[in-house]
Amino acid sequence: MRRRIGGLLALGVLVAGGYWVARFALPSDRVPFDKWSTGLGPRLWTTWWLLGTFVLATLSFGHLLVRRASRAPRDGAWALAFSSGTIVFAVAIGLFAWLGWLGHPFFWVLPLTMTLAGLPSLRDAVVETRAQWVRSPPFSAAEVLALLFGGVCLGLLLLQVITPDNVNYDAMWYHLRSAERNALAGGAVRTPEGDILLTLPSSTSWLYTWAFLAPGLPTDDKVVLALHLELAVFIGTLATLPPLVRALVPGRERRATRVTWIALFFFPSIFVYDTGLMGGADHMVALWAGAIVLAWVQARERDDVGSWALLGLQLVGASAKYSSLYLLVPLVPMMLVDAAYRGRGRVPVAARLRGLLVAAVIPLLLTVPYWLRNWVWHHNPIFPEAAWLFPNTPWIPEVNTWRSYWEHSGLFSNAVTSTGYRLEATFAALFDYHKKIYGWTDMMGDQSPMGSGYFLSLLVLPFLPERRRLLALAVLLNLGIVVWFNLLQHHMRYLTVLTPLMAAGMAATAISLWELGAAARAAVVGVVVLLLSAYADVPFRHTHRIFRHSSPVANADDVISRRGPPAGRIKMWTEIGATLPPAAKPLVHGIETHLGLPRLTVTDCGGMQVGINYAKWGSVAAVWENLRQMGVTHFIWSSDVEQPDTITGEALWRALAKSVVNKQVLHGINVGELPAKAPAEPGTHILYVGCNEHWPTGVYSLAALAQPPPPLKFPWPPLTPDEPLTKETWQAAASEERIGWV
């Protein structure tokens, strides 16, 4: 065994050494890497090699955990090994980030340690799997067609992740930005303004942090590596489907389910903007959604401590994003009800609940980097939620108003006028979630890309001989849809957490139908053809909102044809950051996305932080003083603000911004250094020129315009100016000294 391990390590060192010698030691005219900038050039080779390092580490350590938790061989061992190893990988990064121990050495130490720790278990798993494949029958013609279909779909996904141009908006201001900040700081650093997005549970950002720790890579390549991590997680999700299908329809041979992973591609939202592999977190949650249900079914059947502990480890994956609530809210009560009634009269209640207690303790312990960090930094383990219970720090009273406005500002708000309307709309969503466009039409075209396969499979459930588990899954998923529709905003992308379970249910139903005879088989083939014809164009729809408004596939073709120059938006922020001193701490005013800015930043966007309120501070001098205390050294802003402050707050901030020194403009973005002292106060009043149904034109005191304008659908609060002005007199009023802003 030692010889084999030594041989594997030697091979790995040889391959890695040969690559780096060819990459950096040989003359460029002998190996023209500078001409090899796309395709299979060094940028992608580096990405794939590093991705292989991650996958090897997660599978190796994951198999160690699965084998320790299993008294007997476990179905789906590879899928559970990957999900288990991945969450350990993420939690380790979160823990070391909290301790401030991240750095370039950690980038190599973590995967190497995990790989070596589990290498014997991985070797045994490979030997066993190889023996199973040797004994398995060859693929049929239908299976070959299914594999070709799956291969084409995976190829299209690969095109999504080879270019940073495909990153979506939310990833740039949330998941990837959090990861970049961790890497820049060498750990998780408390933000003085209470940046909400850096405190939410997001093991996804911990995974992406590893990509941003990669030494020697430009930001573009780090983003591409992060996208490949998301692709690996998606492939891991595909691996959960065959064992999950076998758990839903027990007794089937592996051959009957070995290509069922392609069922997930019948949910074509994976190919469009905002729901594709574009740096988000929803597909990360989806990995553990399938793993959680699979581990729960196995724990019920085995009922041993190891299986319940393995379930608890999968539950840690729910920390990938808050959208895991769409699964957990209905699943946890179902688990409790099942434990209460299973074995009733034969097993004491305490014994029946013992396994769930084991499964609950593990997530509590392994999410310490999230909740204990928030408790220490912000005096609230679930900061910024439950402000009525915990003394949130920082916190300003106006945050509740801001958050209320933000919750109701989306196009798909859950704010309704009556309980009856909510019930009616929720019931309708159970039937139209798969066909109604729960999103922006420019991202989807005139047809929802959610996919109708699972909904159609529900229609035949009453006719299946084995339907008990499929009915239980249908209850779980429909309750999840109810939670999705009524919690937060019901965007289609949040349903991604449920799609692996839908795909498994659809595939299990198809297998059951296939066994009922020729007529049922014809129905299955007909539905497959119908779905393929309905959604075949989805990968090529022009849905990308922030890059050329083209398809993700076209964006990849563009980066290949132009030999892969850096992405425009990331390159812009990198160049802006290069103008700042190394120790600079800029305030990025009203701009949500600044991925690529290589400095720790402060944000004042109202929906992203809870510690800055210019209007409450009340004067330019107070704004200057408070920002100085937060460590701000520079301002970065644009004339077109994505998230403007209140009128009073915006006026105070802009008055201070006028006094910056060493000002310069790059790519239309203003950059300036805070002055050594606060400038003089411009005045005490604001001349506001109203329009439409908004506040009337007139002179207002600073305090009067300190409330944020309400979102769409809500009327502006009534205000009366101190001095109403006519069209003819407003210029004269603006010349008065007490009026500092117009």
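Everything below is about the structure shown above.
Everything numeric here is computed off the predicted structure, so don't read it as measured data.

Peer 1: Before we move on, can you summarise the environment of Leu59 with the specific residues and values?
Peer 2: The topology assignment puts Leu59 in helix 2 (residues 42-68). Sequence separation between Leu59 and Ala79 is 20 residues; the distance between their C-alpha atoms is 8.9 Å. Setting aside residues no more than four positions away along its own chain, Leu59 makes contact with Trp78, Ala81, Phe82 and Leu122.

Peer 1: Residues and numbers for the pairing of strand 1 (residues 586-589), please.
Peer 2: Going residue by residue along strand 1, you find Pro586 and Val588 tucked away on one face and Leu587 and His589 tucked away on the opposite face as well. Note: strand 1 against strand 2 (residues 602-603), two bridges, orientation parallel. Within strand 2, the position partnered with Val588 by the bridge is Thr603.

Peer 1: How would you explain unusual backbone geometry if you had to name every residue and give the values?
Peer 2: Geometrically, the link from Phe383 to Pro384 is a cis peptide bond, its omega value of 5° lying close to zero. With respect to the element layout, Pro384 can be found in the loop between helix 15 (368-378) and helix 16 (399-407). The omega torsion across Thr393 and Pro394 is -5°, close enough to zero to call that bond cis. We note that His379 has phi near 60°; this positive angle belongs to a residue other than glycine. In this structure, His379 sits in the loop between helix 15 and helix 16. Even without being a glycine, His667 presents a positive backbone phi close to 55°.

Peer 1: Break down the sheet that holds strand 5 (residues 669-673) for me, citing the residues and quoting the values.
Peer 2: The five strands are arranged 2-1-3-5-4 in an open sheet whose pairing can be described as mixed. Both outer strands of the open sheet, strand 2 and strand 4 (661-666), are each paired with one neighbouring strand and no more. Two strands pair when backbone bridges link them, and strand 1 and strand 3 (residues 634-637) are joined in this way by four bridges, in the parallel orientation. Its bridge partner lying in strand 3, Val588 is registered against Ile636. Together, strand 1 and strand 3 form the strand contacts of helix 27 (residues 647-657), whose direction differs from that of strand 3 by roughly 120°.

Peer 1: If you had to explain the pattern of salt bridges to someone new, which residues and values would you point to?
Peer 2: Between side chains of opposite charge, a pair can form when the charged atoms approach closely. Summed over the entire model, instances satisfying the criterion amount to 15 salt bridges. Asp274 is the salt-bridge partner of Arg493, the closest N and O atoms lying 2.9 Å from each other. Pair noted here: Arg493 is in the loop between helix 20 (468-486) and helix 21 (499-514) and Asp274 is in the loop between helix 10 (254-257) and helix 11 (282-302), with a separation of 219 residues, a long-range link. As far as burial versus exposure is concerned, Arg493 and Asp274 are alike and both buried. Of the charged contacts, one joins Lys321 and Asp282 as a salt bridge, the two residues approaching to 3.2 Å between their closest N and O atoms. Taken as a pair, Lys321 in the loop between helix 12 (305-316) and helix 13 (325-341) and Asp282 in helix 11 lie far apart in primary sequence, 39 residues in all. Accessibility classification places Lys321 together with Asp282 in one group, the buried group. Each of Asp75, Arg246 and Arg254 takes part in salt bridges that share partners, so that together they form one network.

Peer 1: Explain the pairing of strand 7 (residues 698-701) to me, using residue names and the numbers behind them.
Peer 2: If a strand is regular, its side chains alternate between the two faces of the sheet. Relative to strand 7, strand 6 (residues 685-688) runs antiparallel, the two sharing four bridges. When the sheet's bridge partners are listed, Leu687 is paired in strand 7 with Val699. Relative to strand 8 (residues 723-724), strand 7 is paired through two bridges, and the arrangement is antiparallel. Bridging across to strand 8, Gly698 finds its partner in Pro724.

Peer 1: Go over the side chain of His685, please, and point to the residues and values.
Peer 2: Locating His685 in the fold gives a position in strand 6. A distance of 2.8 Å separates polar atoms of two side chains, one belonging to His685 and the other to Thr684.

Peer 1: Tell me about the packing of aromatic side chains, residues and numbers included.
Peer 2: Applying the stated rule across the entire model yields 29 aromatic pairs. Centroid distance Trp637 to Trp653: 5.5 Å. Interplanar angle 80°. Geometry classified as edge-to-face. Taken together, the residues Trp637 in strand 3 and Trp653 in helix 27 connect sequence positions 16 residues apart. In this structure, Trp637 and Trp653 share a single accessibility class: buried. By way of ring pairs, the aromatic residues Trp49, Phe54, Phe82, Phe89, Phe107, Trp108 and Trp210 are connected into one cluster. Arg300 extends its terminal NZ or CZ atom over the ring of Trp296, reaching a point 5.9 Å from the ring centre.

Peer 1: Mind laying out empty space enclosed by the protein, listing which residues take part and the relevant values?
Peer 2: Per the counting criterion, the structure on display carries six cavities of 30 Å³ or more. In this model, the largest cavity occupies a volume close to 200 Å³. For the largest cavity, the lining is made up of 20 residues, of which Asn182, Leu198, Thr199, Trp206 and Arg373 are closest to its centre. Listed by contribution, the elements that provide at least two residues to the lining of the largest cavity are helix 7 (175-185), helix 8 (203-212) and helix 15. Counting residues per element, the lining of the largest cavity draws most heavily on helix 15, at four residues.

Peer 1: Explain helix 7 to me, and be specific about the residues and the numbers.
Peer 2: Working note: α-helix, 3.6 residues per turn, so residues spaced by three or four point in the same direction. Taken across its 11 residues, helix 7 has nine buried, putting it largely inside the fold. Taken together, the buried positions of helix 7 are occupied by His175, Leu176, Arg177, Ser178, Ala179, Glu180, Arg181, Asn182 and Ala183. At the C-terminal side of helix 7, Gly186 shows a positive phi close to 70°.

Peer 1: Give a description of helix 14 (residues 349-366) that names residues and reports values.
Peer 2: A rise of 1.5 Å per residue sets the reference length of helix 14, with its 18 residues, at 26 Å; its end C-alpha atoms lie 27 Å apart and thus fit the reference within 8%. The largest bend in helix 14 comes to about 30°, at Gly355. Every buried residue of helix 14 is accounted for by Arg352, Gly355, Leu356, Ala359, Ile362 and Pro363. Where helix 14 is buried, its residues touch helix 12 and helix 13.

Peer 1: How would you sum up the packing of helix 11 against helix 12? Please name residues and give values.
Peer 2: Contact pair helix 11 / helix 12: the axes reach a minimum separation of 8 Å and the direction vectors enclose 165°. Here helix 11 is positioned roughly antiparallel relative to helix 12, judged by the angle of their axes. Judged by the twist between their axes, the crossing of helix 11 over helix 12 is left-handed. In contact with Trp288, Ala291, Ile292, Ala295, Trp296, Ala299, Arg300 and Arg302 of helix 11, helix 12 contributes Ser307, Trp308, Leu311, Gln314 and Leu315. Split into classes, the residues belonging to the contact of helix 11 with helix 12 amount to nine nonpolar, two polar and two charged.

What counts, and at which threshold
- Residues numbered from 1 in each chain as written.
- Predicted model: local features only at pLDDT ≥ 70, side-chain atom pairs only at ≥ 80, totals over all residues.
- Heavy atoms only, no water.
- Helix = DSSP H or I, 4+ residues; strand = E, 2+ residues; numbered from the N terminus.
- Contact = heavy atoms within 4.5 Å.
- Buried < 20%, exposed > 50% of the residue type's maximum accessible area, 1.4 Å probe, protein only.
- Pairing = 2+ DSSP bridges.
- Axes fitted to C-alpha atoms, helices over the stretch in contact; angles between N-to-C directions.
- Salt bridge = Lys/Arg side-chain N within 4 Å of Asp/Glu carboxyl O.
- Polar contact = N/O pair within 3.5 Å; in protein donor to acceptor, adjacent residues only side chain to side chain.
- Phe/Tyr/Trp six-rings, centres within 6.5 Å; stacked < 30°, edge-to-face > 60°.
- Lys NZ or Arg CZ within 6 Å of the ring centre and 35° of its normal.
- 1 Å grid on protein atoms, 1.4 Å probe; cavity = no way out; pocket = protein on both sides within 12 Å on 5 of 7 lines; lining within 4 Å.
- Points joined across faces, edges and corners; volume = space filled by probe spheres on them.
- Expected span 1.5 Å × (residues − 1).
- Bend = angle between axes of the 7 residues up to and from the residue.
- Parallel < 35°, antiparallel > 145°, perpendicular 65-115°, else oblique.
- Left-handed = near helix turned anticlockwise from the far one by under 90°.
- Nonpolar A, V, L, I, M, F, W, Y, C, P; charged D, E, K, R; others polar.

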